[in-house]
Amino acid sequence: RTVMLQTLVVSSAWSHFQNGDLLAYQLAIEQAIRRELDTVDVVVLAQASMAPVADLFAEVGQNVLSSPYLGVRRAIEAARSRLAR
């Protein structure tokens, strides 16, 4: 299968993060992603600070992945594998 990567930079979001307005930060990211949903199969959030945005897409069934979730899931799998030995 051919994989095509597309980068989406939401430059307007960073100032909200710097000012401590996490809700505005997350909403800016959410809105940018929603504009692109028809053009992608999976969205991967690049920073841990973006992880709460993934929850905003649960109702649309879109794969929105975040590094904290993936890291914890992998850690659980590794621990289970070691315990099974």
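Anything mentioned here points back to the structure above.
Residues numbered from 1 in each chain as written. Predicted model: local features only at pLDDT ≥ 70, side-chain atom pairs only at ≥ 80, totals over all residues. Heavy atoms only, no water.

Would you mind showing me how to read the packing of helix 1 (residues 11-18) against helix 2 (residues 22-36) here?
Between two packed helices, the angle of one axis relative to the other and the distance separating the axes together describe the packing. Here helix 1 crosses helix 2 at 165°, and the two axes come no closer than 7 Å. With respect to each other, helix 1 and helix 2 are oriented roughly antiparallel. The chirality of how helix 1 crosses helix 2 is left-handed. Residues Ser 12, Ala 13, Trp 14, His 16 and Phe 17 of helix 1 pack against Leu 22, Ala 24, Tyr 25, Ala 28 and Ile 29 of helix 2. Taken together, the residues of the contact of helix 1 with helix 2 break down into eight nonpolar, two polar and no charged. (Axes fitted to C-alpha atoms, helices over the stretch in contact; angles between N-to-C directions. Helix = DSSP H or I, 4+ residues; strand = E, 2+ residues; numbered from the N terminus. Parallel < 35°, antiparallel > 145°, perpendicular 65-115°, else oblique. Left-handed = near helix turned anticlockwise from the far one by under 90°. Contact = heavy atoms within 4.5 Å. Nonpolar A, V, L, I, M, F, W, Y, C, P; charged D, E, K, R; others polar.)

In this structure, what is going on with the environment of Ala 13? I would like to understand it.
Relative to the elements of secondary structure, Ala 13 occurs in helix 1. Using a relative accessible area of 2% as the deciding quantity, one classes Ala 13 as buried. Through-space distance from the C-alpha of Ala 13 to that of Val 60 is 22 Å; in sequence the pair is 47 residues apart. Setting aside chain neighbours within four positions, we find Ala 13 in contact with Tyr 25, Ala 28 and Ile 29. (Buried < 20%, exposed > 50% of the residue type's maximum accessible area, 1.4 Å probe, protein only.)

Explain the nonpolar core here, please?
Counting residues in hydrophobic clusters, the biggest one holds 13 residues, and the most contacted among them are Ile 29, Ile 33, Leu 45, Val 53, Phe 57 and Val 64. Listed by contribution, the elements that provide at least two residues to this core are helix 2, strand 1 (42-45) and helix 3 (51-55). Considering each element in turn, this core owes the most residues, four residues, to helix 2. In this structure, Ile 29 is in contact with Val 10, Ala 13, Leu 45, Met 50 and Val 53, ignoring residues within four places of it in sequence. (Core = buried A, V, L, I, M, F, W, Y, C linked by side-chain atoms within 4.5 Å.)

For this particular structure, what's the right way to read helix 2?
It helps to recall that an α-helix has 3.6 residues per turn; residues three or four apart then point in one direction. For helix 2, spanning 15 residues, the distance from its first C-alpha to its last is 22 Å, which sits close to the expected 21 Å at 1.5 Å a residue. Of the positions making up helix 2, those classed as buried are Ala 24, Tyr 25, Gln 26, Ala 28, Ile 29, Glu 30, Ala 32 and Ile 33. Contacts from the buried residues of helix 2 go to helix 1, strand 1 and helix 3. (Expected span 1.5 Å × (residues − 1).)

Quick question: what am I supposed to make of the pattern of salt bridges here?
Oppositely charged side chains can form a pair if their charged atoms are brought close together. Scanning all chains against the criterion turns up two salt bridges. When the shortest N-O distance is used, the salt bridge between Arg 34 and Glu 30 registers 2.9 Å. Highlighted residues: Arg 34 and Glu 30, both in helix 2, separated by four residues, approximately one helical turn. Assessed through its relative accessible area of 31%, Arg 34 is described here as partly exposed. Note on Glu 30: relative accessible area 13%, which makes it buried. The network of salt bridges with common partners includes Glu 30, Arg 34 and Glu 59. (Salt bridge = Lys/Arg side-chain N within 4 Å of Asp/Glu carboxyl O.)

None of this, on its own, says anything about what the molecule does.
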